[in-house]
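The primary structure of each chain is shown beneath.
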Amino acid sequence: MRSLLLSPDRRPLLHSKTLCFFLTAFLLVIGATAQEITADMRGTVYDPSGAVVSGAKVQIINTDRNFTERSITTSADGAYNAALLPLGRYQIRVDAPGFATYVANDIVLNLNDRRLYDIKLKVGSAEQSVTVTEGPIQVNLEDNTSAGLINGNQIRELSVLSRNFVQLVTLMPGVSQNTATDQFYAGASNPTGSSNQINIVVNGQRPSQNSWLIDGAEDLNRGSNLTLYAYPSIDSISEMKVLRANFLPEHGRTSAGEVSVVTRGGTNSLHGS
């Protein structure tokens with residue numbers, strides 16, 4: 001009867017395969033700890049009768065940097081999809097034979113936006129154009145996430161007692177501070193020498209159930225789940241988003257709230273403070 005035991009010369013190969021499997025799984029877990037700090041835009045291009053337009057050229061231009069982030073040709077069902085777009089202000093330009101050029105300005109993409117933007121073309125020549133300016137209010141029609149956003153201008157113009165970004169979280173509905181003092185400190189310990197715990201309560205949940213991110217990387221000490229590693233200057237913040245309830249599965253590492261901070265990047269114009 002043939003033995004089922006592995007021969008000595010095959011055991012090292014088995015051990016190597018097992019090691020590779022666990023190493024791959026470990027690297028995947030590390031990669032999963034970060035969140036995307038981008039936005040997506042998708043939609044369908046229609047003609048005046050409501051029929052889809054395939055083969056149309058869609059350009060998605062980042063006007064902050066004067067750079068075309070995506071150049072897409074619509075599919076057979078007239079759809080376009082642009083994922084992983086940097087945050088900022090955009091212009092959409094659509095060209096198709098037999099139709100006037102469509103231009104939409106002042107489209108703002110914020111953190112984790114899933115923007116649906118359908119386009120209706122008008123019959124005309126390529127020399128003609130239809131220009132649309134987006135309204136300042138953009139309603140999320142994709143899901144029922146309960147979230148609040150504070151942009152960089154608001155952050156820098158608000159009167160913040162200690163210039164600590166944590167204070168801004170308490171401006172959101174359903175968020176309160178579970179502590180006897182209204183002061184927030186930066187660092188692992190406060191002036192009394194005790195642990196500098198961030199006791200923020202989101203919708204009545206425990207402060208230790210919150211998640212804190214900076215540029216997609218976790219900023220939370222997982223020992224206590226109550227202290228932060230880094231405190232970016234409020235002058236360096238591009239925007240801050242607080243997810244309070246009903247957020248999507250990719251944010252499922254927390255059962256309370258998720259505070260995500262995105263720092264500022266370069267643009268096509270000179271800025272300073």
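Keep in mind that this is a model prediction, so the values were computed, not measured.

## Digging into the environment of Gly98
Take Gly98: it is sitting in the loop between β5 (88-95) and β6 (101-109). Through-space distance from the C-alpha of Gly98 to that of Gly124 is 5.9 Å; in sequence the pair is 26 residues apart. Residues contacting Gly98, with those up to four places away along its chain left out, are Val123 and Gly124.

## Side note on the sheet that holds strand β16 (residues 258-263)
The strand order across the open sheet built from five strands is β10-β15-β16-β13-β14, with neighbouring strands paired in mixed fashion. Each of the sheet's edge strands pairs with one partner strand only, and the pair in question is β10 (146-151) and β14 (217-218). Inspection of the sheet shows strand β13 (residues 211-214) paired to β16 by four bridges, in the parallel sense. For Ile214, the partnering residue across the bridge sits in β16 and is Val261.

## Things to note about the packing of aromatic side chains
To describe a pair of aromatic rings, you give the distance between the ring centres and the angle between the ring planes. Evaluated as defined, the whole model comprises two aromatic pairs. Between Phe165 and Trp212, the ring centres sit 6.1 Å apart and the planes meet at 80 degrees, which makes this aromatic pair edge-to-face. With Phe165 in the loop between α2 (152-157) and α3 (166-169) and Trp212 in strand β13, the pair connects residues that are 47 residues apart, well separated along the chain. Here the two residues Phe165 and Trp212 agree in accessibility, since each one is buried. Grouping aromatic residues by their ring pairs yields a cluster made of Phe165, Trp212 and Tyr231.

## What to know about the confidence of the model for the protein
The predicted coordinates ought not to be read in detail in places where the model reports low pLDDT. Taken residue by residue, the protein gives an average pLDDT of 85. The fraction at 70 or more is 83%. Per-residue pLDDT, averaged within each element of the protein, yields its smallest value for helix α1 (residues 11-32) (54) and its largest for strand β2 (residues 57-62) (98).

## With respect to the nonpolar core
The biggest cluster of nonpolar side chains holds 26 residues, and the ones touching the most others in it are Tyr80 and Ile92. If you list the elements that add at least two residues to this core, you get β1 (39-46), β2, β4 (79-85), β5 and β6. Broken down by element, this core gets its largest block of residues, four residues, from β6. Filtering out sequence-adjacent residues up to four positions away, Ile92 remains in contact with Met41, Val58, Gln59, Tyr80, Tyr102, Val103, Ala104, Ile107, Tyr117 and Ile119. Within the second largest apolar cluster, 24 residues are counted, among which are Ile155, Val160, Phe184 and Leu220.

The rules behind these values
Residues numbered from 1 in each chain as written. Predicted model: local features only at pLDDT ≥ 70, side-chain atom pairs only at ≥ 80, totals over all residues. Heavy atoms only, no water. Helix = DSSP H or I, 4+ residues; strand = E, 2+ residues; numbered from the N terminus. Contact = heavy atoms within 4.5 Å. Pairing = 2+ DSSP bridges. Phe/Tyr/Trp six-rings, centres within 6.5 Å; stacked < 30°, edge-to-face > 60°. Buried < 20%, exposed > 50% of the residue type's maximum accessible area, 1.4 Å probe, protein only. pLDDT = per-residue confidence, 0-100. Core = buried A, V, L, I, M, F, W, Y, C linked by side-chain atoms within 4.5 Å.

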